[in-house]
Amino acid sequence: MRFTRSNIAGLEIGEGKTERIIFDDSLAGFGLRMRAGGKRTWIAQYRVGAKQRRISFGTTETLDVDEARKRARDILAKVQLGADPQGEKAEARSRASVTLGAVATHYLAHAKTRLRASSFSEAERHLTRHWAPLRTTPAHDLTRRHVAVRLSEIAAENGPHAANRARASLSAMFTWAMRQGEVDSNPVAATGKPAENVARTRVLSDDEICDVWNACRDDDHGRIVRLLLLTGQRRTEVGAMRWSEIDRPRKLWQLPPERTKNGLPHTVPLSPAALAIIETVPVRGGRDFLFGDSTGPFQGWSKSKMNLDRRISEKREWLSGKPDAGISEWRLHDLRRTAVTHMNEHLRILPHVVEAIVNHITGPAKMGVAGIYNRATYADEKRDALNKWAEYLTGKLK
């Protein structure tokens, strides 16, 4: 029969049946599927080679019979031209299930075995936190505009350099996903960096060092900042410091190669001032990490740094009686440069000893066997230098 508004209303499934399909006599392949629950769906049925396909495209509640017949005719016309609407629909559904969050999960599982712990922690933070608002978006549908808008939001919330790093993590993920065949393109390509990566030269003065030190509280962030000053090490290294790396009897902090930027083991002699800070850290429920509350290392850098700057500004404004007397813009990584500069210029510590302290390997004399020999030889010099630096710091704080 030819479907009409009146005759489809009287169609029934039949006793004991859960489903019935009836086809329209006027258009081959155009049909109506009826289910026991009452749902009635329009379908178009066709063949692709030896395989029969069936695609649903609406219900009797959303499409009347004339509109449904027109829709079916369009679908079947596409089949005549070589298309496979049902296959395309299944492919679209499959692509939609490949969300940014799903790709990130696959990528992080891969990256965990190949990146240094600190690099992996940063990539994980960016992909699971900074890109969280887009995690349910199908990766194939993510556009350059999506990325650019979110980068602007990250820059506003966390600063342009954090946005730069978030952008790099997302681009690395998409590059990997393209090689795996999970996505076809990288939407990060041709997006601009929120901030140009310009080499920094910021070194804190003695007064600024005192302001930073005195504004630190006896909490995780405060202890980390003071240890950054005392040791000259990287933020990620101190933030992820582990009890298993601390050798109290020998007064050493021993970083394994997977925890250092250059992939080499690194030993940091601990001055009495640095050890005294470490001794104030409570051991928390058997955690190997000194700092942080979750299962990983310290988090919450941006908020803690903002609060530190606020306390410095409030103290300076109170002492000077002037508004806007805060410290000039600075970052935690500037403390590493500050330690290096002051050890070189004020304490006259030899440059190669300072480089050994901060785990910089430069020049042919420090590579290969000679590099191993030199690192062992500088152990005493490194300890003497860090002890002098700690004395210089604490002397300025009096």
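Residues numbered from 1 in each chain as written. Predicted model: local features only at pLDDT ≥ 70, side-chain atom pairs only at ≥ 80, totals over all residues. Heavy atoms only, no water.

A. Focus on the sheet that holds strand E1 (residues 19-23). The 4 strands are arranged E1-E2-E3-E4 in an open sheet whose pairing can be described as antiparallel. Each of the sheet's edge strands pairs with one partner strand only, and the pair in question is E1 and strand E4 (51-59). Across the sheet, the mean angle from the axis of one strand to that of its neighbour is 30°, orientation sign disregarded. Inspection of the sheet shows E1 paired to strand E2 (residues 30-35) by 5 bridges, in the antiparallel sense. Within E2, the residue paired with Ile21 across the bridge is Arg33. Set on the sheet, helix H2 (residues 65-80) makes contact with E2, strand E3 (40-48) and E4; between it and E3 the angle comes to about 20°. (Pairing = 2+ DSSP bridges. Helix = DSSP H or I, 4+ residues; strand = E, 2+ residues; numbered from the N terminus. Axes fitted to C-alpha atoms, helices over the stretch in contact; angles between N-to-C directions. Contact = heavy atoms within 4.5 Å.)

B. The packing of aromatic side chains, seen in detail. In the structure shown here, the tally under the stated rule is 6 aromatic pairs. Summarising the aromatic geometry, the rings of Phe3 and Trp42 are spaced 6.0 Å apart at their centres and angled 50° between planes, so their arrangement reads as tilted. In this pair, Phe3 is assigned in the segment before helix H1 (5-9) and Trp42 in strand E3, connecting sequence segments 39 residues apart. Given the relative accessible area of 1%, Phe3 is considered buried. Among the residues examined, Trp42 registers a relative accessible area of 0% and is labelled buried. Three or more aromatic residues link up through ring pairs in this structure, and these residues are Phe3, Phe30 and Trp42. One residue, Arg235, lies across the ring of Trp301, its end atom 4.3 Å from the ring centre. Taking the ring centre of Trp330 as reference, the NZ or CZ of Lys305 above it sits at 4.3 Å. (Phe/Tyr/Trp six-rings, centres within 6.5 Å; stacked < 30°, edge-to-face > 60°. Buried < 20%, exposed > 50% of the residue type's maximum accessible area, 1.4 Å probe, protein only. Lys NZ or Arg CZ within 6 Å of the ring centre and 35° of its normal.)

C. Representation of unusual backbone geometry. Phi is positive for Arg348, which is not a glycine, with a value near 55°. Within the secondary structure layout, Arg348 lies in the loop between helix H13 (333-345) and helix H14 (351-357). By relative accessible area, which is 65% here, Arg348 ends up exposed.

So, to be careful, I would describe these as geometric facts and stop short of saying anything about function.
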